[in-house]
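Chain by chain, the residues run as shown.
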Amino acid sequence: MKLSILSPALVLASALALTGCKKGPALEEMKKVEDACAAKDKEKAIDIALKAAESNGVFKKAFDGTFASVSDKKQANVCGGINLVELKSRIENGPAM
């Protein structure tokens, strides 16, 4: 009996832990983008962001959501203050912003 009650809780805890794990690599890429922006290297920042969007689904959803109105993603202003904050927020909180 106790095992059946524990199982759903264990499944839920595991699912939440895995969801958090998916954000980790995206946040690591976000840190690289922030560092490039802080160094005033906008070209490097967009290159990092584009590569991260190709290889990381969480980053891609956040990036695509943040820059939905930009047709050529190579022209996205990732170092713009509001854009940088929105991108990071979408990674941390999901795309429902």
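Residues numbered from 1 in each chain as written. Predicted model: local features only at pLDDT ≥ 70, side-chain atom pairs only at ≥ 80, totals over all residues. Heavy atoms only, no water.

Caption draft 1: Broad picture of helix H4 (residues 81-93). A rise of 1.5 Å per residue sets the reference length of H4, with its 13 residues, at 18 Å; its end C-alpha atoms lie 18 Å apart and thus fit the reference within 8%. Looking only at H4, the buried set comprises Leu84, Leu87, Ser89, Arg90 and Ile91. Backbone geometry just downstream of H4 places Gly94 in the positive-phi region, at approximately 95 degrees. (Helix = DSSP H or I, 4+ residues; strand = E, 2+ residues; numbered from the N terminus. Expected span 1.5 Å × (residues − 1). Buried < 20%, exposed > 50% of the residue type's maximum accessible area, 1.4 Å probe, protein only.)

Caption draft 2: Just the side chain of Thr66, in detail. Counting through the fold element by element, Thr66 comes out in helix H3 (residues 57-66). Taking the relative accessible area as the measure of exposure, Thr66 reaches 10% and is therefore buried. From its side chain, Thr66 meets the backbone oxygen of Ala62 in a polar contact 2.8 Å long. A distance of 3.5 Å separates the side chain of Thr66 from the side chain of Arg90, its partner in a polar contact. Leaving out residues up to four positions away in the same chain, Thr66 has contacts with Asn83, Glu86, Leu87 and Arg90. (Polar contact = N/O pair within 3.5 Å; in protein donor to acceptor, adjacent residues only side chain to side chain. Contact = heavy atoms within 4.5 Å.)

Caption draft 3: Quick look at the state of the cysteines. Tallying each qualifying case throughout the model produces one disulfide. Note that Cys37 is cross-linked by a disulfide to Cys79, the S-S spacing being 2.0 Å. Around the S-S axis, the bridge from Cys37 to Cys79 shows a dihedral of about -85 degrees and counts as left-handed. Of the two residues, Cys37 sits in helix H1 (residues 2-38) while Cys79 sits in the loop between H3 and H4, which places them 42 residues apart along the sequence. The same class applies to Cys37 as to Cys79, namely buried. (Disulfide = S-S within 2.5 Å.)

Caption draft 4: Just the pattern of salt bridges, in detail. Counted by the stated rule, this structure contains five salt bridges. A salt bridge links Asp35 to Lys31; its shortest N-O distance comes to 2.8 Å. Of the two residues, Asp35 and Lys31 both sit in helix H1, four residues apart, roughly one turn of that helix. The exposure class assigned to Asp35 is partly exposed, which follows from its relative accessible area of 39%. (Salt bridge = Lys/Arg side-chain N within 4 Å of Asp/Glu carboxyl O.)

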